Amino acid sequence: MKRFISFLFMLSLVTALVACDDDDSNNENNVNNINNNNAECGNGIIEGDEVCDATNLGENTSCSDLEGFTGGELACNNGCTDYDVSACTSTQTDGGIGDPCTETTQCLDDGAECWDEVETGLPGGSCMVTCSESSPCADETFTCVTFQDENSYCLPACNIGNSDCRDGMTCVPLEEGATVGICWAGCTDNAQCETTNKCDAEIGFCKTENEDCTNGEDDDMDGDIDCDDVDCDSHAECGCTEDSYDNHEGTAAYELDLTTLPVSITDGYICGPDFSDWFEVSPTDAMALSASIEFTHDDGDLDFTLYDSNFEAVDGSAGIDDIEEVIFTAEAGTTYYLEVVGYSGATNSYELTVDYAPGDLEAAIVTDPEIVAPGDLVDLTVILDNVGGSDLEGLTGTITSSDPDITIDASTVDFDTVAPGASTTNATPLVVTIASDHKNNQPIMVDLEVTDSASNTWSFQVEIPVPYGVVEPVGIEIINDDNSDGILDIDEMASLAFDAINTGDATVVGTITADVSVDASSSVTGNITITAPANTECGSALAPGQTGTCDDWDIQIPDTAQNGETVIFNIEFTDGTDTWTAQASYTIGLAYMTLINPDDPSGDDLGTYGCDLKNIEAYVEGGTTLRARMVFYSACDVGGLQDLYVMGDGTTVNTLTLENNSIAIWSSANGWASPLTNPGSFDVSPSSGSTSTVEFIIDVADIPGITISGNTLKLGAAVTDDLNNGYTDWAPDQISQTELTLAPLTW
């Protein structure tokens, strides 16, 4: 029986070898006296086919009489079939690490061992010496390589692409892209396998044939012939007794009668690697079936496969326990096949059983009322379907929930016995109450667990939708201003125009009215006068997605206002029961220019931060001061990270940063190594709280390390809750610090 070694690559300077051994690799040719014409080995007389006998060495009296040896003590082996040359001295002058060998005596280094070609598949064999951190390889021409069994050996180092390795070996890199490697198995033709004369060029290893148990030859070259080889123990030719079903082919499958279930075969037996057992089942009615084999795994591992009528594999079981099972739904009048086979040539007895499959459940939940609203008491009807093959009895259902917006009023119900293919429903409903303030359009989550009298358990998660209406302003703009530029100027009359849209999932039933006020966080000097229209109603019974028309609100900007100051309008809608608020922000005086057209996509923020970039707006005030602001689709908490990229004519990029409510400037000129000193003109507003815009202010002359010609800057924005997680949104869309896409601003 040979030992086969395969080479594995790993993403470090460590390699791994997998070795398996059938424990007869050290056998001493135990053919003994077979075909020896009744010669008596050990009597000192060379008889029959004996080569030598005890101390009688025949025509060769010393090691030097044999080719390849210069001296040492020659002996006769235990079977008198050949000489024992273990104490002879080799004429080999190589014998160093990685040199070819057939036995350990040929390896000259202390502690070396020979991994011969038959045992390991290494072309010509190889002298191997162990190594470790404390005992490294002799010099840099060798590399210490760790194998999968955690033992380490020295292997010849080589340069990838060069012919540094001996014949039959190739230079293998230890990691992707490496220019150096180690010499390892790489045969390409049979001549490079001097002992086996068979090269597997796909993997580079020499190979031996599997033992043929009837041809009188040592096919696997382990010294044992036919039935003396352990590989033949499970073959019929060597006495392995099969079972009586004669079903080793699918076309000769043994038919199991499904008239009465369960049906069993108690004396199945897999005799060896040449055998597998086939069984046929042909149900007349559709049914859910369980087919299983039971055996003692420690006596030999068996695997189990289900095939359809075309012998296409449908399912299988190949575990490491004492039972293998497949469960399947069999169609009426269809033939199925079951195969039992020994894993890796294992033999074992087994018991096969086909029975109805266990019961199995699927569940559906029906709510009453069908459309649930905040504050509702909801009845839950559970419909259980038995999709298995056996009755389910003593079913009990229990609901739980970690959702804070739900109260469970009746949590447990019992169900009737449910037969295969049938359904059952709880006679008494489960009852929950939805919190009256649950108005976020998110479903309520409920967990249902069902158990039966045999302690089997099924778990289901239930979503209870709670649709609700949400009113938001749409089409917000400044109109009717004195100079018709859409900008709020000092001491100017204008109108704030907007409509109402229902962005929720349910109809807003009542009449919707609007109210507008100036938020206390506005920075305008003096009082802004707001005059409500005669009609503040914006429609009623708005269905999801429907828009209601609102009249305009008149605005008077005071003469004490200053250019660059910000006014924030609070827009509030109510239907008499619920209230929805939003904000609109405007700068007094010079207009912010929108830099991205069209807007950055809505809803493209990748994380849970919630600051969804809409656009970048900017202008240069008086030709000296850059005012740029990030605009979000809705107000969000800016306690995370907001980065505004600023670039001039060259390649230097500066980042104006608001992070954890503090401001800083970073520059690509120093490799983003550390923040620069903040100039006095640099400010960010607001630096904390919830807002729909964040404004960055800095004198153009104070922007570090950039040159500007033609009055043009390039700007970009990115936001995240934590830079370690990467940015969650960019504007323009999908920029990165290594490949920026920026929007131009010219003044």
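Just so it is clear, the structure is predicted and the values come from calculations on it, not from any experiment.

Enquirer: Break down the overall build of the protein for me, citing the residues and quoting the values.
Expert: The number of helices and strands found in the protein is 1 helix and 52 strands. Computed over the C-alpha atoms, the radius of gyration of the protein is 42 Å, more than 25% above the 27 Å expected from 2.2 N^0.38 for a compact globule of 747 residues. Across its three principal axes, the protein shows a C-alpha extent of roughly 130 × 75 × 40 Å. With 747 residues in all, the protein has 44% of them scored as buried. In the protein, of all internal contacts separated by at least 6 residues, the share reaching a separation of at least 24 is 59%. About 36,300 Å² of surface is accessible on the protein, with carbon and sulfur atoms providing 44% of the total. Each charge class in the protein was averaged separately, 10 positive and 140 negative side chains, and the resulting centres sit 15 Å apart.

Enquirer: I'd love a proper account of the sheet that holds strand β26 (residues 396-400), names of residues and values included.
Expert: Read from one edge of the open sheet, 4 strands run β28-β26-β31-β32, paired in antiparallel fashion. A strand with exactly one partner marks an edge of an open sheet, and here the two such strands are β28 (412-414) and β32 (457-464). Each neighbouring strand pair of the sheet contributes to a mean axis angle of 20°, computed without reference to strand direction.

Enquirer: I'd like to hear about the pairing of strand β9 (residues 142-146), residue by residue, with values.
Expert: Both β9 and strand β10 (residues 152-159) contribute to a ladder of 5 bridges, which runs antiparallel. Residue pairing for β10: T146 is matched across the bridge by S152. Taking the residues that link successive antiparallel strands as the turn, the β9-β10 hairpin has 5 residues, and the phi of E150 there is positive, at about 75°.

Enquirer: Summarise the side chain of S290; cite the residues concerned and give the values.
Expert: Structurally, the position occupied by S290 is in strand β18 (residues 287-294). On the basis of relative accessibility, which here comes to 8%, the residue S290 falls in the buried class. Polar contacts involving the side chain of S290 include one to the side chain of E325, which spans 2.5 Å. Setting aside residues up to four positions removed in sequence, S290 forms contacts with E325, V326, I327, T353, V354, D355, Y356, A357 and P358.

Enquirer: Now, about the nonpolar core: what can you tell me, with residues and values included?
Expert: In terms of nonpolar packing, the biggest core is built from 34 residues, with L626, F632 and L715 touching the most fellow members. Those elements that provide at least two residues to this core are β43 (613-621), β44 (625-637), β45 (641-647), β46 (653-659), β49 (690-699), β50 (712-720) and β52 (743-746). Ignoring sequence-local partners within four residues, the contact set of L626 consists of Y619, V620, V646, F696, I697, I698, V700, I703, L713, L715 and L745. Of all hydrophobic cores here, the second largest spans 29 residues; its members include V516, C538, W553 and Y586.

Enquirer: Just give me the short version of the pattern of salt bridges, but keep the residues and values in it.
Expert: Per the stated rule, a full pass over the model turns up 3 salt bridges. A salt bridge links K439 to D578, with the nearest nitrogen and oxygen atoms 2.3 Å apart. Linking K439 in the loop between β30 (430-434) and β31 (444-451) with D578 in the loop between β40 (566-574) and β41 (579-587), this pair joins segments that are 139 residues apart in sequence. When the shortest N-O distance is used, the salt bridge between R627 and E695 registers 3.5 Å. You can see R627 sitting in strand β44 and its partner E695 sitting in strand β49, a full 68 residues away along the chain.

Enquirer: Can you lay out the sheet that holds strand β11 (residues 169-173) for me, pointing to particular residues and giving the numbers?
Expert: Taken together, the 4 strands give an open sheet; going across it, the order is β9-β10-β12-β11, and neighbouring strands pair in antiparallel fashion. Looking at the sheet topology across the chains shown, the edges are occupied by β9 and β11. Shown here is a sheet whose adjacent strand axes are inclined to one another by a mean of 50°, direction ignored.

Enquirer: Quick one: what's the story with the side chain of D303, residue by residue and with numbers?
Expert: Secondary-structure assignment places D303 in strand β19 (residues 302-307). D303 sits in the buried class, given a relative accessible area of 13%.

Enquirer: An account of the environment of I383 is requested, with residue identities and associated values reported.
Expert: Among the secondary structure elements, I383 is positioned in strand β25 (residues 377-386). For I383 and A364, which are 19 residues apart along the polypeptide, the C-alpha to C-alpha distance reads 5.1 Å. In contact with I383, not counting residues within four places along its chain, are E362, A363, A364, V366, S423, T424 and T425.

Enquirer: Hey, could you go over the state of the cysteines for me, with residue numbers and the actual values?
Expert: For the structure on display, the rule yields 12 disulfides. For C101, the disulfide goes to C114, at an S-S distance of 2.1 Å. The sign of the S-S torsion, about 100°, decides the handedness of the disulfide formed by C101 and C114: right-handed. Linking C101 in the loop between β6 (88-90) and β7 (113-115) with C114 in strand β7, this pair joins segments that are 13 residues apart in sequence. A sulfur-sulfur distance of 2.1 Å marks the disulfide that ties C165 to C183. Handedness of the C165-C183 disulfide follows from its S-S torsion of about -85°: it is left-handed. With a gap of 18 residues between them, C165 in the loop between β10 and β11 and C183 in strand β12 (residues 180-185) connect regions that are remote in the sequence.

Enquirer: Outline the packing of aromatic side chains, supporting the account with residue identities and numerical values.
Expert: Under the definition given, this model contains 14 aromatic pairs. With a centroid separation of 6.2 Å and an interplanar angle of 65°, the aromatic rings of F147 and W184 are classed as edge-to-face. Within this pair, whereas F147 is found in the loop between β9 and β10, its partner W184 is found in strand β12, the two being separated by 37 residues in sequence. Given the relative accessible area of 2%, W184 is considered buried. Ring centres of F311 and Y337 lie 4.3 Å apart, and the angle between their planes is 20°; on these two criteria the pair is classed as stacked.

Enquirer: Lay out unusual backbone geometry with the relevant residues and their values.
Expert: A cis amide bond links N597 with the next residue in sequence, P598, at an omega value of 5°. Positionally, P598 belongs in the loop between β42 (593-594) and β43. The step from A731 to P732 runs through a cis peptide bond, and the omega angle for that step is -10°. Within the secondary structure, P732 sits in the loop between β51 (729-731) and β52. You will see that S455, though not glycine, has its phi angle at about 70°, which is positive.

Enquirer: Just give me the short version of the pairing of β40, but keep the residues and values in it.
Expert: Burial of β40 is extensive: 7 of the 9 residues sit out of reach of the surface. Sheet topology note: the β40/β41 ladder contains 9 bridges and is antiparallel. Each residue of the ladder has a partner; that of F573, found in β41, is W580. Hairpin connection between β40 and β41: a loop of 4 residues separates the two successive antiparallel strands, and G576 in this loop has a positive phi of roughly 95°.

Enquirer: Lay out a negative patch on the surface with the relevant residues and their values.
Expert: Taken together, E294, D298, D299, D321, D322 and E351 make up a surface patch of like negative charges. With respect to the element layout, D299 can be found in the loop between β18 and β19.

Parameters at a glance
Residues numbered from 1 in each chain as written. Predicted model: local features only at pLDDT ≥ 70, side-chain atom pairs only at ≥ 80, totals over all residues. Heavy atoms only, no water. Helix = DSSP H or I, 4+ residues; strand = E, 2+ residues; numbered from the N terminus. Rg over C-alpha atoms; globule rule 2.2 N^0.38 Å. Buried < 20%, exposed > 50% of the residue type's maximum accessible area, 1.4 Å probe, protein only. Contact = heavy atoms within 4.5 Å. Areas by Shrake-Rupley, 256 points an atom, 1.4 Å probe, with all protein chains shown as cover. Lys, Arg positive; Asp, Glu negative; His and termini not counted. Charge placed at Lys NZ, Arg CZ, Asp CG, Glu CD. Pairing = 2+ DSSP bridges. Axes fitted to C-alpha atoms, helices over the stretch in contact; angles between N-to-C directions. Polar contact = N/O pair within 3.5 Å; in protein donor to acceptor, adjacent residues only side chain to side chain. Core = buried A, V, L, I, M, F, W, Y, C linked by side-chain atoms within 4.5 Å. Salt bridge = Lys/Arg side-chain N within 4 Å of Asp/Glu carboxyl O. Disulfide = S-S within 2.5 Å. Phe/Tyr/Trp six-rings, centres within 6.5 Å; stacked < 30°, edge-to-face > 60°. Patch = residues over 30% accessible without salt bridge, like charges linked within 9 Å, V, L, I, M, F, W, Y side chains within 5 Å.

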